[in-house]
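Residue-level listing of the chains:
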Amino acid sequence: MARREWPLVVFTLLGQTAVGAFGLTAVPLAFSGRSAAGAAEAGGPSLMFVLCAGVAALLAVAAVISFLHLGRPWLAFHAADNIKRSWLSREIFCLIAFLFLAAGLAAWLWLRPESAARPGPLRAAVVAAGLSGLAFLYSMVRVYMLETVPVWRNIHTPASFLVSALLLGSLGSALVLSGLADRTAQGGVPSARYQASVALIAAAAGLAVTIFLTPLAGVFGARAATLRARPGKGIVPLIAVRTLLLAGVGACVLIHGIGANPSAPMKARLFLWTALAGALAAAGVGRWLFYAVYDRIGV
Amino acid sequence: MSRLGFFFDASACSGCKACQAACKDKNGLEVGVLWRRVYEVQGGAWRNEGGLWRPDVFAYNVSIACNHCELPICRNVCPTAAIEQREDGIVTIDRARCIGCRYCEWACPYGALQFDEPANRMTKCDFCADEIEAGRPPACVAACPMRALDFGDIEELRARHGATAAIFPLPAPDVTKPALVIKPHRDAARAEAEGAEVANWEEI
Ligand code: SF4
Ligand code: SF4
């Protein structure tokens with residue numbers, strides 16, 4: 001089944017990256033005081049603009065890819081029709097809200113860069129977008145916590161989704177920061193070291209989640225509800241691959257820090273790209289496993 | 001209004017699959033799409049009795065369609081509200097709304113949701129609502145040569161046959177409250193205890 005679900009693998013990872021990047025970087029940036037530094041006079045786009053536009057783009061791509069998972073995508077406008085009962089409807093609704101708020105913020109900052117100097121409205125808008133992002137992540141978790149699917153209805157689902165959001169979000173926004181520090185109106189704000197710490201903690205948490213909580217095979221992972229779900233022989237090697245990848249990501253971040261050495265920005269960026277590639281591969285393997293272990297009660 | 005339900009007598013079912021075939025025929029179902037499925041349960045082993053090996057095996061069948069549940073988890077999860085429940089309990093899918101996300105298929109613990117690949121949308125048993133309205137039984141019930149299937153007002157079925165609504169390998173009925181009454185096979189408890197096999201996953 002996992003093979004069929006590749007659009008969902010990509011959709012969830014892009015969505016989580018967007019939530020992580022926005023929550024970890026745009027929100028602190030809005031409250032750092034430094035975001036008010038005028039972008040206009042520096043002649044470049046503000047960091048906040050780049051973040052909002054990037055997050056909106058990620059979400060738009062995620063939305064388009066999710067269409068590939070539908071049998072009849074041309075009816076997708078019905079997807080938020082059951083908000084009253086369905087977490088999937090709520091997820092789509094929150095995705096649209098987050099996308100529109102992030103894109104709206106980006107457009108606002110593009111058209112009126114001087115408005116970034118008025119922290120009040122900017123903060124309100126950023127907080128609203130951040131909350132919709134959180135609601136998106138929460139409903140994404142709830143979509144999978146189906147009463148009839150015990151391998152998903154356990155702590156592994158929220159833990160692994162949160163780890164992906166933190167890891168991919170911190171590394172992704174660290175790359176944007178390091179890549180644009182010299183070209184945008186504000187330097188490396190928030191600090192690269194902060195991104196590195198978050199990434200390191202997330203990689204360590206990811207290791208623990210993988211080893212202890214992976215359904216069917218992790219030490220304390222959920223057990224199969226039916227005889228049908230025999231942990232495929234492929235699970236253990238995939239867990240090993242994911243563990244190695246996450247350890248590699250942690251090592252990359254730890255050895256070099258993220259852009260911690262301003263004298264060698266190229267080298268820092270190389271480490272960062274390597275870490276992000278490793279994190280994406282680890283997250284992809286993890287999500288693949290997630291769909292592969294699907295097993296519901298009954299028949 | 002009374003709510004409709006199915007009755008299935010596991011002690012009478014011979015596993016001939018006439019119900020499954022009649023359903024496919026009546027509804028013109030695609031290859032691989034089975035609104036009613038017959039699960040073949042098998043278990044047991046050779047047993048050594050004082051040096052003598054004796055076969056000690058059992059087998060029975062479970063014929064299941066959609067149970068038009070009182071708590072239809074399929075309806076609750078469907079993002080497009082394509083799944084609805086009529087007053088008589090029949091759970092239907094609105095073809096014009098289904099986007100083919102297959103989320104309901106993940107959720108239903110009876111395997112009742114069946115994806116129609118060529119049409120790219122979800123399908124399921126509609127209790128032969130047209131037959132019911134014409135005063136006739138559903139195709140599966142009419143076809144069963146063993147009279148192992150019946151239908152009717154779920155409360156009347158319960159009054160007549162008891163309230164059992166599960167048998168191995170079906171889930172506990174409290175999850176979706178199926179409109180289903182089952183007369184168990186004598187080996188059902190053993191199948192549950194010994195973790196019997198469903199022998200025909202390939203065909204259902
Ligand atoms: S058996 Fe499955 S498809 Fe039918 S009503 Fe119950 S949950 Fe829905
Ligand atoms: S496949 Fe169709 S009926 Fe099932 S949840 Fe998706 S939209 Fe609803």
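Worth saying up front: this structure is predicted, and the values here are computed from it rather than measured. (Residues numbered from 1 in each chain as written. Chains lettered and ligands numbered in written order. Predicted model: local features only at pLDDT ≥ 70, side-chain atom pairs only at ≥ 80, totals over all residues. Heavy atoms only, no water.)

Q: Lay out the overall build of chain A in plain terms, naming residues and giving numbers.
A: What chain A contains, in helices and strands, is eight helices and zero strands. Starting at the N terminus, the α and β elements of chain A follow one another as α-α-α-α-α-α-α-α. A total of 299 residues make up chain A; the buried ones form 54% of that total. Sequence-distant contacts, at least 24 apart, represent 78% of the contacts inside chain A between residues at least 6 apart. Carbon and sulfur atoms make up 72% of the accessible area of chain A, which amounts to about 12,700 Å² in all. (Helix = DSSP H or I, 4+ residues; strand = E, 2+ residues; numbered from the N terminus. Buried < 20%, exposed > 50% of the residue type's maximum accessible area, 1.4 Å probe, protein only. Contact = heavy atoms within 4.5 Å. Areas by Shrake-Rupley, 256 points an atom, 1.4 Å probe, with all protein chains shown as cover.)

Q: Talk me through the state of the cysteines; I want residue IDs and the actual numbers.
A: Residues and elements named next belong to chain B. Under the defined criterion, the tally for this structure stands at zero disulfides over all chains. Not engaged in a disulfide, the cysteine Cys125 finds its nearest cysteine sulfur in Cys66; these two sulfurs lie 5.5 Å apart. Look at Cys125 and you get buried, because its relative accessible area is 8%. (Disulfide = S-S within 2.5 Å.)

Q: I'd love a proper account of the nonpolar core, names of residues and values included.
A: Counting 144 residues, the largest nonpolar core has A:Tyr144, A:Trp152 and A:Leu171 as its most contacted members. A domain split of this core shows at least three residues from each of domain 1 (1-144) and domain 2 (154-299) of chain A. Of all hydrophobic cores here, the second largest spans five residues; its members include B:Phe7, B:Ile154, B:Leu157 and B:Val181. (Core = buried A, V, L, I, M, F, W, Y, C linked by side-chain atoms within 4.5 Å. Domains from an automatic or database assignment.)

Q: Could you give me a rundown of the interface of chain A and chain B, with the residues and numbers involved?
A: With 36 residues of chain A in contact, the opposing surface of chain B contributes 38 residues. Where chain A abuts chain B, roughly 2,900 Å² becomes buried across the two surfaces, and 59% of that area is made up of carbon and sulfur atoms. For chain A, the biggest contributors to the area lost against chain B are A:Arg72, A:Arg85 and A:Val299; these three give 23% of the whole. One can count one salt bridge joining chain A with chain B. Across the pair A:Asp81 and B:Arg97 runs a salt bridge, and its minimum N-O distance is 2.4 Å. (Buried area = accessible area lost by both parts, 1.4 Å probe. Salt bridge = Lys/Arg side-chain N within 4 Å of Asp/Glu carboxyl O.)

Q: Kindly report on the pattern of salt bridges, identifying the contributing residues and their values.
A: When the charged atoms of two side chains lie near each other, side chains of opposite charge can form a pair. All names here are of chain B. For the structure shown, the criterion picks out 17 salt bridges over all chains. Across the salt bridge formed by Glu133 and Arg86, the nearest N and O atoms sit 3.2 Å from each other. Here Glu133 is found in helix α4 (residues 129-133), whereas its partner Arg86 is found in the loop between β4 (83-85) and β5 (91-93), with 47 residues between them in sequence. For Arg86, a relative accessible area of 29% puts it in the partly exposed group. The salt bridge involving Arg160 is made with Asp150; its shortest N-O contact spans 3.7 Å.

Q: Explain the site of ligand 2 residue by residue, including any values.
A: Around ligand 2 sit B:Cys78, B:Pro79, B:Thr80, B:Ile83, B:Cys98, B:Ile99, B:Gly100, B:Cys101, B:Arg102, B:Cys104 and B:Met122, and those are all the residues in its vicinity. The residue inventory of the shell around ligand 2, partitioned by class, reads eight nonpolar, two polar and one charged. (Near = heavy atom within 4 Å. Nonpolar A, V, L, I, M, F, W, Y, C, P; charged D, E, K, R; others polar.)

Q: Report on the environment of A:Ala79, specifying residues and quantitative values.
A: Relative to the assigned elements, A:Ala79 resides in the loop between α2 (47-67) and α3 (87-111). Each C-alpha atom of the pair A:Ala79 and A:Ile92 lies 6.9 Å from the other, and the pair is 13 residues apart in sequence. Ignoring anything within four residues of it in the chain, the contact list for A:Ala79 reads A:Ser89, A:Ile92, B:Pro79, B:Thr80 and B:Ile99.

Q: Break down the packing of helix α6 (residues 192-213) of chain A against helix α7 (residues 235-256) of chain A for me, with residues and values.
A: Residues and elements named next belong to chain A. At a closest axis distance of 9 Å, the pairing of α6 and α7 adopts a crossing angle of 160°. Relative to α7, α6 is oriented roughly antiparallel. α7 is crossed by α6, and the crossing has left-handed handedness. Listed contacts from α7 to Ala196, Ala199, Leu200, Ala203, Gly206, Leu207, Thr210 and Ile211 of α6 are Ile239, Arg242, Thr243, Leu246, Ala247, Gly250, Val253 and Leu254. (Axes fitted to C-alpha atoms, helices over the stretch in contact; angles between N-to-C directions. Parallel < 35°, antiparallel > 145°, perpendicular 65-115°, else oblique. Left-handed = near helix turned anticlockwise from the far one by under 90°.)

Q: Talk me through the sheet that holds strand β8 (residues 149-153) of chain B; I want residue IDs and the actual numbers.
A: Residues and elements named next belong to chain B. Ordered in space as β8-β1-β9, the three strands form an open sheet in which the pairing is mixed. Strands at the two margins of the open sheet, each flanked by one partner only, are β8 and β9 (180-183). Each strand axis lies, on average, 20° off the axis of its neighbour in the sheet, ignoring direction. As defined by bridge partners, strand β1 (residues 4-9) adjoins β9 across four bridges and the pair is classed as parallel. Pairing of Phe8 across the sheet is with Ile182, part of β9. Here helix α6 (residues 154-161) sits on the sheet in contact with β1, β8 and β9, set at roughly 125° to β8. (Pairing = 2+ DSSP bridges.)

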